[in-house]
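Architecture at a glance
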Amino acid sequence: MTVPIEDVWSAAELVAFGLRTGARPTDGNTYGQLLERYRTNTAFRDAVDTVAGGLGLVVLGAPARTGLVLSTQPGSVFALRMADLRGGSMSADDKLIAGLVVLGIAAYAFPHDVDLDTTDVKIVEVAALDRFVRDAADRVLALPGDPDTVDGQARRAAEVYRRTAAFKPKDRLPGPARGCTQFAVLEVLGWLVERGAARQVPQMGAGSFQLTDRFRLLVADVAGGEALEALRSVRRTATAAADSGAVKASGGSTVEGV
Amino acid sequence: MVQEWQPDLFDSGPVTSSDQPEVRSPAADASMRARWRALILTDPVARLVRNAAHASVHQAYDLRQLALAAVDIAVASMGFARQITLAELIESTAELAAVMHPGGAAGDHQDAARWVVKGLLNDADNQGAFVYSFVDAHAFPPRREEYAFKLLQLQDGPDGAVVLASHQAVMLYLNGLDLDVDDAEAAFSVVLQRQLRDRRFEAAARTATQAERVSVAMSASLADVLDATRRDVRAFDWITDVPHRLARAREHVEARIAADAEVLNHVAAGIDTETDSAVRQASGDLVETLRRIRRVHLDLAERVAGARGVFLQAQLSQVFARRVHLRLLNIEPELFHPVLDAPAEQARVVAETFGDRVLGLRVPRLLHLDGLVDMLLAPPRAAEPADQETETPGDVEGVDLQAYPPAVVAEATRILRRAAAEPVPLSVLLGSATEATEATGIAAGGDDLRELVLLTALWSYAPDVGDPDAKSDLTALTEALSAERSGDRLDHPLAWGDDLLVRYEGGLDP
């Protein structure tokens, strides 16, 4: 199958629109027309998927209202680790808290598995989300850990979150100051806005954000599965280490994950 | 999720079992569940009004009316090309709130509007569905059924979150009554004919508007069906259910257009022959309304006509589509809680993987004109104002500008020491000061000396405990003095009032 050279141009143009998080497809604009073509024309869809693949990107979906939703393949020039977002200056606890906040937003937005398939969107408010994560942490900590295992002795993630202050005031400006969990929530939501996965809704009050359909696709189709896989693999490693530790009677250190 | 029977505009009514043990009032029992649901639909509004007392919402706002208005606004924009966004809904509702409470601040209006919309979105319960349980007393044993519904829902749109009203909200909007659409139509046309015969044109226009709402509701409901079909052909039953709905919508449009045309002719003919100007005005308005309603009906007809095409198109494009894998992940119990429970090191790995995938797409930042304008229009980062040191008066570089000259201080000290042997009245001390001024001839210092003697005496009578650390030549002097009222009167050019007895208690030598 040969693809006309103009189609390759159009395909690359559509990928470029997909990368530009601020761009919105409408019925009239070029983006909307290209997107409609992607949704209806199989040959063009293949061309777009191929161009994106060559750039190290994966097309997750193309909802008419949201546009092309892209994710990165490992090693892509576009790939970025969350830890690099704050100029690479995040401590281990900062990274953990930021990761927990992203997970918390997903858990808040999609309380049931069917919610990952509906297009309803939600409003997230900084203080409310912080409370949500804290409540979950309290519930988890209320369950007794197993004091005999290595896991039971180590500091639990919920504890790290709960120990960090919820709110520290800034000197003169409104809003949370660095070093509290509400600041982390605000920061993560800011990153989501840059990523096109959320939008600010000042009309609902300061610190209110609307999650977009893009966020749902990212969670449902990539992040959720990979995080589950990572969870399984760290548990496997931890169990193996605990077993060998028991044999050699030299346990005591937690195991770095993959 | 509750997979029970959900009320819908196209449904004819509740299903009740026929073998009921005891029939008290067949009519009441038959409609019990439907009426219970109608009652429940208003509960979220009642709840948001109840809880408003705990939030900082001013009492001047009629929150029930605001809630109805918010639903009205959402329903009015539904099913048509331009749907209302959340931001617009808040603003429109706040405008109405401003009318209710003209004295309030703009922020208060916004707060009230926000409170109402949040209540309708069920913000208190993470914007999920409202869930109520109904006890079916006719089943044996009595069965509890959960009834879940939403009033407003948000969807992602090009200009922000779009607000949709659910079927239940549309029902609430239609007065919250358990209306059978067909019956309502029949009732409307009977009422309309009667009103026209009675020449109550204004009322007729209102009735016609109500009929319009039925069309709007049908149109919205149909738009939902088509949207879901475009996403997934299997979402609705296109073999029996949807064709049935389409047929009814078609009948509705056909009947309404014919009836409206009849009314329109009747009214238009009336305008030509009518002489009363008020009636002519009302008739003209009615004609206007009816024309607008006809456009709504035609829009619905168009939608019905295109529906089959949407289904076929969706079927065609989805038949070879990659099978949508089921997203069976339940994030909170399967991912969020285990990660919170895991040791920090392991949790970090998993949480970072998740965050990397959600956030990890970096696009080099280029300057676009629109982005640049946003950047330029953004409020500047406010530099924190530097701390202003408050100046303490009289603390200027060691030199006290208001200090008395040393000669005056020495002379005043000498005069005040006379009180060391026995208490001396202030009037006498002032007299000595005057004499001393004349005798020593301190240049231009006469007033200063008298003033200093007077103030020192007054200070020792009622010290000003402002600055205990300030030490000066005078401090030692005033600490050694004490004064009390003598009962005589003091009459002096500088001071007038009760005379003071001044006593010097320090040693005779400085």
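Scoring rules and cut-offs
- Residues numbered from 1 in each chain as written.
- Chains lettered and ligands numbered in written order.
- Predicted model: local features only at pLDDT ≥ 70, side-chain atom pairs only at ≥ 80, totals over all residues.
- Helix = DSSP H or I, 4+ residues; strand = E, 2+ residues; numbered from the N terminus.
- Buried ≥ 20, exposed ≤ 12 C-beta atoms within 10 Å, placed from the backbone.
- Contact = placed C-beta atoms within 7 Å.
- Expected span 1.5 Å × (residues − 1).
- Pairing = 2+ DSSP bridges.
- Axes fitted to C-alpha atoms, helices over the stretch in contact; angles between N-to-C directions.
- Parallel < 35°, antiparallel > 145°, perpendicular 65-115°, else oblique.
- Nonpolar A, V, L, I, M, F, W, Y, C, P; charged D, E, K, R; others polar.
- pLDDT = per-residue confidence, 0-100.

Moving on to the overall build of chain A. Within chain A one finds nine helices and five strands. In chain A, the succession of helices and strands from N to C terminus is α-α-α-β-β-α-β-α-α-α-α-β-β-α. Relative to its full complement of 258 residues, chain A shows a buried share of 40%. Contacts in chain A between residues far apart in sequence, at least 24 positions, make up 52% of those at least 6 positions apart.

Further remarks concern helix α6 (residues 106–120) of chain B. All names here are of chain B. In this model, α6 (15 residues) spans 22 Å end to end at C-alpha, consistent with the 21 Å of a helix rising 1.5 Å per residue. For α6, the tally of buried residues reaches 12 of 15 residues, placing the bulk of the element in the interior. Buried-residue contacts for α6 involve α3 (43–52), α4 (63–76), α5 (86–100) and β3 (152–155). Trailing α6 by a residue or two, Asn 122 shows a phi angle of about 60°, which is positive.

A few words now on the pairing of strand β7 (residues 496–504) of chain B. Residues and elements named next belong to chain B. Summarising the sheet, strand β5 (residues 424–425) and β7 pair through two bridges and their orientation is antiparallel. For Val 424, the partnering residue across the bridge sits in β7 and is Val 502. In the sheet, strand β6 (residues 481–491) pairs with β7 via eight bridges, with the strands oriented antiparallel. What sits directly across from Ala 483, in β7, is Val 502. Where β6 folds back on β7, the antiparallel hairpin that results is connected by four residues.

Take the packing of helix α4 (residues 92–109) of chain A against helix α5 (residues 126–142) of chain A next. When two helices pack together, you describe them by how their axes are tilted relative to each other and by the distance separating the axes. Residue and element names in this part refer to chain A. Contact pair α4 / α5: the axes reach a minimum separation of 10 Å and the direction vectors enclose 95°. In terms of orientation, α4 lies roughly perpendicular with respect to α5. From α4, Leu 100, Val 101, Gly 104, Ile 105 and Tyr 108 reach across to α5, where they touch Leu 129, Phe 132 and Val 133. Classifying every residue of the contact of α4 with α5 by side-chain character gives seven nonpolar, one polar and no charged.

This paragraph deals with the interface of chain A and chain B. Quoted interface sizes are often the accessible area lost when the parts come together. Chain A puts 80 residues into the contact, and the matching count from chain B is 55 residues. Of all elements in the fold, only β2 (69–72), α4, α5, α7 (157–163) and α9 (213–248) of chain A reach the threshold of two or more residues within the side of chain A that touches chain B. Sorting elements by how many residues they give to the side of chain A that touches chain B places α9 of chain A first, with 14 residues. Here the residues of the side of chain A that touches chain B sort into 46 nonpolar, 16 polar and 18 charged.

Right, let's talk about the confidence of the model for chain A for a bit. Of all residues in chain A, 90% have pLDDT values of 70 or greater, and the mean over the chain is 84. Within the model, the stretch residues 249–258 of chain A combines pLDDT values under 50 with 22 contacts to residues more than four positions away or in other chains.

Residues and elements named next belong to chain B. Per-residue pLDDT for chain B averages 74, and the proportion of residues at 70 or more is 70%. Element-level pLDDT for chain B is lowest in helix α8 (residues 181–197), with a mean of 58, against a maximum mean of 91 in α5. Low confidence marks residues 1–18, where pLDDT is under 50. Its contacts with residues over four positions away, or in another chain, come to 29 contacts. Per-residue pLDDT stays below 50 along residues 176–182; that stretch engages in 15 contacts with residues further than four places along the chain or on separate chains. Taken together, the chains of this predicted complex give a pTM of 0.56 and an interface ipTM of 0.85.

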